[in-house]
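# Architecture at a glance
Chain by chain, the residues run as shown.
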Amino acid sequence: MTDALADSDTALAADATRLSRREQILQAAARLFAERGSRSVGVDDVGAAIGVTGPAIYRHFASKDAMIAEMLQGISERLLAGGRERVAGAGPDPAAQLRALVAFQVDFALDNPALITVHDRDLGSLAPGDAARVRRLQRRYVEVWVDVLRRLRPGEGTDACRARAHAVFGLVNSTPHSAGQLPREEMGALLAEMAEAAATA
């Protein structure tokens, strides 16, 4: 297990101190899927990781694909809700709103490297309806950023602001490959500095 993937991803739990069995399954599956690839992990492997038999998993999920769909839809919902909350809490200044969004995205990326890896590998393998739901949520999250960037850069068009937002996501979400190289606080500060520069340069 790499250092970056050593801890359980926080976005899969409503309360990290009191996980439901369903949340335990999703955390274990995310970690295993990120380490070995979802097609190389069996339901029995997921069960063994949390101390239950493979068949017990089917009381919660019909398949591995159902686990992946719930993971990706769940994190997309959390990103959208969290992004809106950070913007609302930052006041009317778009520069402050951008800083809040960057801090939120950096924290998410550092806390959820396995989910980022699963998203990159497995979004394209979801059933069409599941993939469409995830992408709709993601587009709405991107538009939270675009709205802030357009107010921060009134002379720039929507497409350019959207490109800036995606550039920030690409930079910050590279953390599964780099997060273990620096202490978390130092890595977070570096990512935030670089992300703000990418968004405003």
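Worth saying up front: this structure is predicted, and the values here are computed from it rather than measured.

## Remarks on helix H5 (residues 94-111)
Between its first and last C-alpha, H5 extends 25 Å over 18 residues, near the 26 Å set by a 1.5 Å rise per residue. The buried fraction of H5 is high, at 13 of 18 residues. By the N-cap criterion, in which a side-chain oxygen at the helix start approaches the backbone nitrogen of a residue two or three places on, H5 is capped by aspartate 93, the distance to alanine 95 being 3.2 Å.

## A look at the nonpolar core
Nonpolar side chains tend to gather and get buried jointly when the protein is soluble and globular. Counting residues in each nonpolar core, the largest one holds 58 residues, and the members touching the most others are Phe33, Val46, Met67, Met71, Leu72, Leu126 and Trp145. Those elements that provide at least two residues to this core are helix H1 (21-36), helix H2 (43-50), helix H4 (64-89), H5, helix H6 (113-122), helix H7 (128-152), helix H8 (158-172) and helix H10 (184-200). At 10 residues, the largest contribution of residues to this core is made by H7. In terms of domain composition, this core takes at least three residues from each of domain 1 (1-61) and domain 2 (63-200).

## Structural notes on the packing of H5 against H7
Close contact between H5 and H7 brings their axes to 9 Å; oriented N to C, the two are set at 150 degrees. Pair H5 / H7 crosses with left-handed handedness. Contact residues: H5 offers Pro94, Ala95, Gln97, Leu98, Leu101, Val102, Phe104 and Gln105, while H7 offers Tyr141, Val144, Trp145, Val148, Leu149, Arg151 and Leu152. Within the contact of H5 with H7, the residues separate by chemical class into 12 nonpolar, two polar and one charged.

## Side note on H4
Between its first and last C-alpha atoms H4 spans 37 Å; for 26 residues at 1.5 Å apiece the expected length is 38 Å, and the two agree. Two to three positions downstream of the cap, the backbone nitrogen of aspartate 65 sits 3.4 Å from a side-chain oxygen, assigning the N-cap of H4 to serine 63. In the stretch just after H4, glycine 91 is the one whose phi turns positive, near 85 degrees.

## Quick look at the packing of H1 against H6
Following both chains from N to C, one finds H1 and H6 inclined at 60 degrees, their axes separated by 8 Å at the closest point. Relative to H6, the element H1 lies oblique. With respect to the hand of their crossing, H1 and H6 are arranged in left-handed fashion. When H1 is examined against H6, the residues Ala30, Arg31, Phe33, Ala34, Glu35 and Arg36 are found in contact with a partner set consisting of Ala114, Leu115, Thr117, Val118 and Arg121. Here the residues of the contact of H1 with H6 are counted per class, giving six nonpolar, one polar and four charged.

## Remarks on the UniProt feature "domain: HTH tetR-type" (unreviewed entry) in the protein chain
Per the UniProt record, "domain: HTH tetR-type" (unreviewed entry) is annotated on residues 19-79. Helix makes up 72% of residues 19-79 and strand 0%, with an end-to-end C-alpha separation of 20 Å.

## Observations regarding the pattern of salt bridges
A full pass over the atoms with the stated rule returns 12 salt bridges. Note that arginine 133 and aspartate 130 form a salt bridge whose closest N and O atoms lie 2.3 Å from each other. Placement of both arginine 133 and aspartate 130 in helix H7 is noted, with a separation of three residues, approximately one turn of the helix. Overall, the relative accessible area of 35% leaves arginine 133 in the partly exposed class. What makes aspartate 130 partly exposed here is its relative accessible area of 22%. Where salt bridges share partners, they join Asp107, Asp111 and Arg184 into one cluster.

Cut-off values and rules
Residues numbered from 1 in each chain as written. Predicted model: local features only at pLDDT ≥ 70, side-chain atom pairs only at ≥ 80, totals over all residues. Heavy atoms only, no water. Helix = DSSP H or I, 4+ residues; strand = E, 2+ residues; numbered from the N terminus. Expected span 1.5 Å × (residues − 1). Buried < 20%, exposed > 50% of the residue type's maximum accessible area, 1.4 Å probe, protein only. Polar contact = N/O pair within 3.5 Å; in protein donor to acceptor, adjacent residues only side chain to side chain. Core = buried A, V, L, I, M, F, W, Y, C linked by side-chain atoms within 4.5 Å. Domains from an automatic or database assignment. Axes fitted to C-alpha atoms, helices over the stretch in contact; angles between N-to-C directions. Left-handed = near helix turned anticlockwise from the far one by under 90°. Contact = heavy atoms within 4.5 Å. Nonpolar A, V, L, I, M, F, W, Y, C, P; charged D, E, K, R; others polar. Parallel < 35°, antiparallel > 145°, perpendicular 65-115°, else oblique. UniProt positions renumbered as here; feature names shortened; annotations may be inferred. Salt bridge = Lys/Arg side-chain N within 4 Å of Asp/Glu carboxyl O.

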